[in-house]
Amino acid sequence: HFGDAGQIGYALAPMIARGLMLGPKQPVILHLLEIPPAATALEGVCMELTDAAFPLLHGVVATTDPDVACKDVDIACFIGGFPRKAGMERKDVMSKNVSIYKSVASSIEAHAKSTVKCVVVANPANTNAYILKKYAPKMDKKAITCLTRLDHNRMVGQVAEKCGVPNTEVDGVIVWGNHSSTQYPDVNHGTVGGKPIREVVKDDAYLNGDFVSTVQKRGAAIIAARKLSSALSAASSVCDHIRNWVVGMEGKKFVSMGVVSDGSYGITEGLVYSFPCHCKNGEWSIVQGLDIDARSKELMETTHKELLEERDLALSCLE
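Residues numbered from 1 in each chain as written. Predicted model: local features only at pLDDT ≥ 70, side-chain atom pairs only at ≥ 80, totals over all residues. Heavy atoms only, no water.

S.K.: For the side chain of Arg154, give the residues involved together with the corresponding values.
M.R.: Along the chain, Arg154 turns up in helix α6 (residues 149-163). A relative accessible area of 12% places Arg154 in the buried class. Excluding anything up to four places from it in sequence, Arg154 contacts His179, Val215, Arg218, Gly219, Ile222 and Ser230. (Helix = DSSP H or I, 4+ residues; strand = E, 2+ residues; numbered from the N terminus. Buried < 20%, exposed > 50% of the residue type's maximum accessible area, 1.4 Å probe, protein only. Contact = heavy atoms within 4.5 Å.)

Rendered as structure tokens:
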């Protein structure tokens, strides 16, 4: 995975090496990619991975060459990106990041296994994934996803805290749309201990108000508190995303994944949008036939519109 000496990469590498992504019996070889200025820091990460003596870790390849990093990989986690700095416009960040993803697309297409599964974490995650798909046309478009499981898990955590139950009691929440503050965290199909969330919480004003804004703005709240962006929760969610996709659903009703739209729920085909998904034998499919009320439709459309604007901006940056 790409971006390994950074915060999320540093949190993610040991999780994978401990079996949190692919299970406690699956040995792994980590391919760690960094940009040249971070190469020395990456060497330090490698030393620590050796020192931790993880039983499942059967090798590490550390490199600044995307072709070497992508060689024969089964799973690719794209964590690296250009962070937004003070005074930068969204378009500036967009143009830096989409050009990174355009360039890495050819490496993954040429060198990874044909069965590779990709998850894009770096922001703007949905649009970076869209660009990856566009510039790796030979790849199966179902192989390219982006991470909205962090938002999904944030929803689970908020509902569990509100109801005073363990988070394993909460199921069937949905993140629709963009991994941004326009995302729509939908509780209408979710349950707590098998009962509808709205019935258990008994506070629609909270569920339609503060709950939604807390989930949408959680990333910013963590930056304000830590002076750094969320790393351990992001890394853990990457493991959940891949594990439920590749290993099994663990009894969950569905999971939120940013995937290439097939036109389901009126979302433009080809756009990378977060949907409720069900995974089986390593294949995801969008859960069909959910009842969408008028309020939900409107919120799903707002985030849809933002993604169309982002896509157009990204493509104009690359022209």
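S.K.: Quick rundown of the packing of aromatic side chains? Include the residues and the values.
M.R.: Under the counting rule described, the total for this entry stands at six aromatic pairs. Seen from their ring centres, Trp176 and Tyr265 are 5.1 Å apart, and the 70° between their planes marks the pair as edge-to-face. With Trp176 in strand β7 (residues 174-176) and Tyr265 in the loop between β11 (255-260) and β12 (272-280), this residue pair connects regions lying 89 residues apart in the sequence. Trp176 sits in the buried class, given a relative accessible area of 0%. (Phe/Tyr/Trp six-rings, centres within 6.5 Å; stacked < 30°, edge-to-face > 60°.)

S.K.: Please provide a residue-by-residue account of empty space enclosed by the protein, values included.
M.R.: One pass over the structure, following the stated rule, counts one cavity of 30 Å³ or more. By volume, the largest cavity amounts to about 30 Å³. Listing elements by their share of the lining of the largest cavity, those giving two or more residues are α5 (125-134) and α12 (294-318). With three residues, the single largest contributor to the lining of the largest cavity is α5. Its residues assigned to classes, the lining of the largest cavity shows four nonpolar, two polar and one charged. (1 Å grid on protein atoms, 1.4 Å probe; cavity = no way out; pocket = protein on both sides within 12 Å on 5 of 7 lines; lining within 4 Å. Points joined across faces, edges and corners; volume = space filled by probe spheres on them. Nonpolar A, V, L, I, M, F, W, Y, C, P; charged D, E, K, R; others polar.)

S.K.: Account for the packing of helix α1 (residues 7-17) against helix α11 (residues 232-246), naming residues and giving values.
M.R.: Two elements in contact, α1 and α11, have axes whose closest approach is 8 Å; the angle formed by their N-to-C orientations is 45°. Taken together, α1 and α11 sit at an angle that is classed as oblique. As for how α1 packs across α11, the hand of that crossing is right-handed. Counting all contacts with α1, which are made through Ile8, Ala11, Leu12 and Met15, the residues of α11 involved are Leu232, Ala234, Ala235, Ser236, Val238 and Cys239. By residue class, the composition of the contact of α1 with α11 is nine nonpolar, one polar and no charged. (Axes fitted to C-alpha atoms, helices over the stretch in contact; angles between N-to-C directions. Parallel < 35°, antiparallel > 145°, perpendicular 65-115°, else oblique. Left-handed = near helix turned anticlockwise from the far one by under 90°.)

S.K.: Break down unusual backbone geometry for me, citing the residues and quoting the values.
M.R.: Following Asn123, the chain continues to Pro124 via a peptide bond in cis, the omega torsion being -5°. You can see Pro124 is positioned in the loop between β4 (117-120) and α5. With a phi angle near 60°, Asp72 is a residue other than glycine that sits in the positive phi range. Mapping Asp72 onto the fold places it in the loop between α3 (66-70) and β3 (75-78). For Tyr265, which is not glycine, the phi torsion reads 55° and is therefore positive.

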